[in-house]
Amino acid sequence: MDTAQARVAPVLVDDLIPIILESDDHWWPRDFQRLALISPAWVSPVRRRLYANPSLRSYRACHLLARTFKENPELLSYVRRLDLHPTTSDEAALDERDTQSLRCILGLKGLRSVTLGGDLAVAAHRFLNVMVDTRAVTELHIDGCLLTQGRSGSLAPVVPSLEWDDSIAFRFPNLRSLTLRNVLLTIIPSMMDRPAGLTHLTLDNVDIDVGFLPDICQGSWETLRELRVIRGNVVEMEDDVRSMLELCENLEMLHCEGHDLLYQPSVFDDDEPLSPLGLRKLCLSSFDVNPGTLQAIAQACPKLEDLAILGRILRVSPDEWTSFVSSGELSSLQRLISPSGTNRPPFKWWSSAEREELKRTCDARGILLASLTHKKDPLADW
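Residues numbered from 1 in each chain as written. Predicted model: local features only at pLDDT ≥ 70, side-chain atom pairs only at ≥ 80, totals over all residues. Heavy atoms only, no water.

Per an unreviewed UniProt entry, the protein chain carries the name F-box domain-containing protein and comes from Trametes pubescens.

Dropping the structure here:
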C-alpha cells in the first residue's frame, strides 16, 4: 500500500444515516441543525426527524413554523405528531397573526397524534373544531397543567376545559387514545351511536362538571382496553368508574389513584360487589386498602395477572399479604407490586425479614414481587 492510499479518509455510507439518527431518541434541534450541515445526504433524513413531531411553547414559535411550512411545502409530508403549548403573559385575545398561524398548523394533513396545551387547553373544543384532517388522528391529548394556577396578571385563574359532544366525537372517528390532564370536563350525552374504536382513556386530575364518564366513550364500550383515573376527585367519580367496569366488558387494565391524605375506599369496597371482570392489570394507589379489599379484588378479578397496591394509608400487614398470596385466590397472578410498609396508623416500614417472607411465598407460587423502592419503576411498562 502506497502513502497516498494510506491517507484516504474513511467514507460514511449514506445508507447508515437513518440508522444513526434512529439510534438515539434524545436529539436536540440544534443537533439536527449541525447534522444537516455535514453533507446534502443528511438533509432529508434530518428533516424527516426534525419535523416529525414539532413541539411549540410560544406563539412566536407557531409563527416561525407556519412561515417555514409556507416557504417549504415539501416539509408538510414529514409531520405526524403535533405538540402545541403556546401561552401568553396576560389575558389578551389572540391577534390575527396568532389565529392565522394556528389555523395553518392545525390544518396540517396526516397528523396521527395531537396535544393541545397552554392557551389552547381553554375551551379546547374550539381548536379541535379548527382541525382539518381529523380522521387521521388516533391519539389526542388535552393538557391544562400550565394554566391550573392562573397566569401572572390574571384577576382570576384561567380554567382549562373541554366540552365533549357529538360534533367532537364524530370529527375523530378513528381515535384510539384519549388523554385529558388538568381539565374541567363537560360531557354531553349522545342520542345516536358514536364511532367505535377507543382503546385507551386517561383522566389525570380531571373534574367532570357536567355529564357522566361512560358517555365520553359511548360506542367504544366493547373496544376500550385501558382506563386510568388519576388524582382529581376520585371519590365523586367512583360511581362513574364502577359503571365503566360494568359496561366495558373487554377492559383489561384499570389504574385508579386517589389522595394519600384522605381515607377513601376503592371502587372494590362497596356494599354491592362487582360482577366478575376480565381485568388482567390493576393498580390501586392511595386508597384505604384493607384485607377485605384484597378479597373483593380476588372475587371481582379472577383473571388478574398484574396487581399493584400502592400508597401510605394501606392497612394490610406483611402477614396478611403472605396469607393472601399463599391462598391462591388469584391463581393467574404473575406479578405483585406491593408497598414497603403498613399504616394502622401510624405508618410502619416492613422489616427485611417480613419482606423476605413475602418474597419466598411469591416465589413458591411463581409470582414476581416488586416495589417502588427499586431503581427501576415497576410501573414503567403499564
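After that view of the structure, there is still more to cover.
**Thoughts on the overall build of the protein chain**
Using the following cut-off: Here a helix means four or more residues in a row that DSSP labels H or I, a strand means two or more in a row labelled E, and each is numbered from the N terminus. Partly exposed residues are those whose accessible area sits between 20% and 50% of the maximum for their type, while under 20% is buried and over 50% is exposed, using a 1.4 Å probe and protein chains only. The contact definition used throughout considers only heavy atoms, calling two residues in contact when any of these lie within 4.5 Å. To measure how exposed things are, a 1.4 Å probe is used in the Shrake-Rupley method; for residues, cover is taken only from the protein chains shown.
Within the protein chain, the regular secondary structure consists of 12 helices and 17 strands. Out of the 382 residues in the protein chain, the part that is buried amounts to 46%. Restricting to contacts in the protein chain with at least 6 residues of sequence separation, those with at least 24 account for 72%. Summed over all atoms, the accessible surface of the protein chain reaches about 20,000 Å², with 51% contributed by carbon and sulfur.

**Focus: the packing of helix α5 (residues 59-71) against helix α6 (residues 96-106)**
Between two packed helices, the angle of one axis relative to the other and the distance separating the axes together describe the packing. Put simply, the rule reads: Axis definition: a line fitted to C-alpha atoms, limited for helices to the stretch in contact. Angles are taken between N-to-C directions and run from 0 to 180 degrees. Throughout, the term roughly parallel applies to angles under 35 degrees, roughly antiparallel to angles over 145, roughly perpendicular to angles from 65 to 115, and oblique to all others. Whether a crossing is left-handed or right-handed is set by the direction in which the near helix is turned from the far one by less than a right angle, anticlockwise for left-handed and clockwise for right-handed. Residues are sorted three ways: Asp, Glu, Lys and Arg are charged, Ala, Val, Leu, Ile, Met, Phe, Trp, Tyr, Cys and Pro are nonpolar, and all the rest, Gly among them, are polar.
It is the contact of α5 with α6, at a shortest axis distance of 9 Å, that shows an interaxial angle of 60°. When the interaxial angle is binned, α5 and α6 end up oblique. For the pair α5 and α6, the crossing hand works out as left-handed. Counting all contacts with α5, which are made through Y59, C62, H63, L65 and A66, the residues of α6 involved are R97, D98, S101, L102, C104 and I105. For the contact of α5 with α6, a count of residues per class yields seven nonpolar, two polar and two charged.

**Some thoughts on the side chain of T186**
Locating T186 in the fold gives a position in strand β7 (residues 184-187). We classify T186 as buried; its relative accessible area is 16%. Each residue touching T186, except ones within four places of it in the same chain, is listed here: L162, E163, W164, D209 and V210.

**Examining the pairing of strand β2 (residues 81-84)**
The line we're drawing: Strand pairing is defined by DSSP finding a minimum of two bridges between the two strands.
Here strand β1 (residues 55-56) runs beside β2; their pairing, made up of two bridges, is parallel. Bridging across to β2, S55 finds its partner in D83. Inspection of the sheet shows β2 paired to strand β3 (residues 113-117) by four bridges, in the parallel sense. By the bridge assignment for β3, L84 is matched with L116.

**Regarding the nonpolar core**
Put simply, the rule reads: To define a nonpolar core, start from buried Ala, Val, Leu, Ile, Met, Phe, Trp, Tyr and Cys residues and group those joined through side-chain atoms within 4.5 Å.
One finds I142, W164, I216 and F268 to be the most contacted residues of the largest nonpolar core, which totals 87 residues. Judged by nonpolar contacts, the second largest core, of six residues, contains I17, L21, F32 and V46.

**So, the pairing of strand β12 (residues 281-285)**
Our working rule: Orient the strands so they point away from the viewer, and a crossover whose first-strand-to-second-strand path over the helix runs clockwise is right-handed.
Of all five residues in β12, four are buried, a share of seventy percent or more. Here five bridges tie β12 to strand β13 (residues 306-310), and the two strands are oriented parallel to one another. Within β13, the position partnered with K281 by the bridge is D306. With respect to chirality, the unit in which β12 leads through helix α10 (residues 291-300) into the neighbouring parallel β13 is right-handed.

**A look at the sheet that holds strand β6 (residues 177-181)**
Whether parallel or antiparallel, the strands of a sheet pair through hydrogen bonds between backbone atoms. One open sheet holds the 12 strands; their spatial order is β1-β2-β3-β4-β6-β8-β10-β11-β12-β13-β14-β17, and the pairing between them is parallel. Here the strands that pair on one side only, and so sit at the sheet edges, are β1 and β17 (368-370). With three bridges joining them, strand β14 (residues 335-337) and β17 adopt parallel strand pairing. For R335, the partnering residue across the bridge sits in β17 and is L368. Against the sheet, α6 makes contact with β1, β2 and β3, and its axis sits at roughly 155° relative to β2, the strand it touches most.

**Side note on the pattern of salt bridges**
The condition that has to hold: In what follows, salt bridge is the name for a side-chain nitrogen of Lys or Arg lying within 4 Å of a carboxyl oxygen of Asp or Glu.
Counted according to the given criterion, the structure contains 13 salt bridges. One salt bridge in this structure joins E139 and R81, with 3.7 Å as the shortest N-O distance. With E139 in strand β4 (residues 139-143) and R81 in strand β2, the pair connects residues that are 58 residues apart, well separated along the chain. Residues E305 and R280 are paired through a salt bridge, measuring 3.0 Å at the closest nitrogen-oxygen approach.

**Thoughts on the sheet that holds strand β9 (residues 207-210)**
Taken in spatial order, the three strands of this open sheet run β5-β7-β9, and their pairing is parallel. The open sheet has two free edges, formed respectively by β5 (161-164) and β9, since each of these has just one partner strand. Put simply, the sheet's adjacent strands are angled 30° from each other on average, direction ignored. Where β7 meets β9, three bridges bridge the pair, whose relative direction is parallel. Across the sheet, T186 pairs through a bridge with V210, a residue of β9.

**Observations concerning empty space enclosed by the protein**
Heads up, the condition is: Here a cavity is any set of points on a 1 Å grid over the protein atoms alone where a 1.4 Å probe fits but cannot get out, and a pocket is any open set with protein on both sides within 12 Å along at least 5 of 7 lines; a residue lines the site when it has an atom within 4 Å of a point. Grid points are joined across faces, edges and corners, and a volume is the space filled by probe spheres set on the points.
Here the structure, examined in full by the defined rule, presents one cavity of 30 Å³ or more. Of the voids in this model, the largest cavity is the one considered here, and its volume is about 130 Å³. Along the wall of the largest cavity there are 14 residues; nearest its centre are W164, F172, P195, L198 and S220.

**Some details on the environment of M237**
Examined against the element boundaries, M237 turns out to sit in the loop between β10 (226-230) and α9 (238-247). Owing to a relative accessible area of 4%, M237 belongs among the buried residues under this scheme. Sequence separation between M237 and V206 is 31 residues, and the spatial gap between their C-alpha atoms is 9.9 Å. With near-sequence residues (within four places) excluded, M237 lies in contact with L203, V206, I208, L213 and V229.

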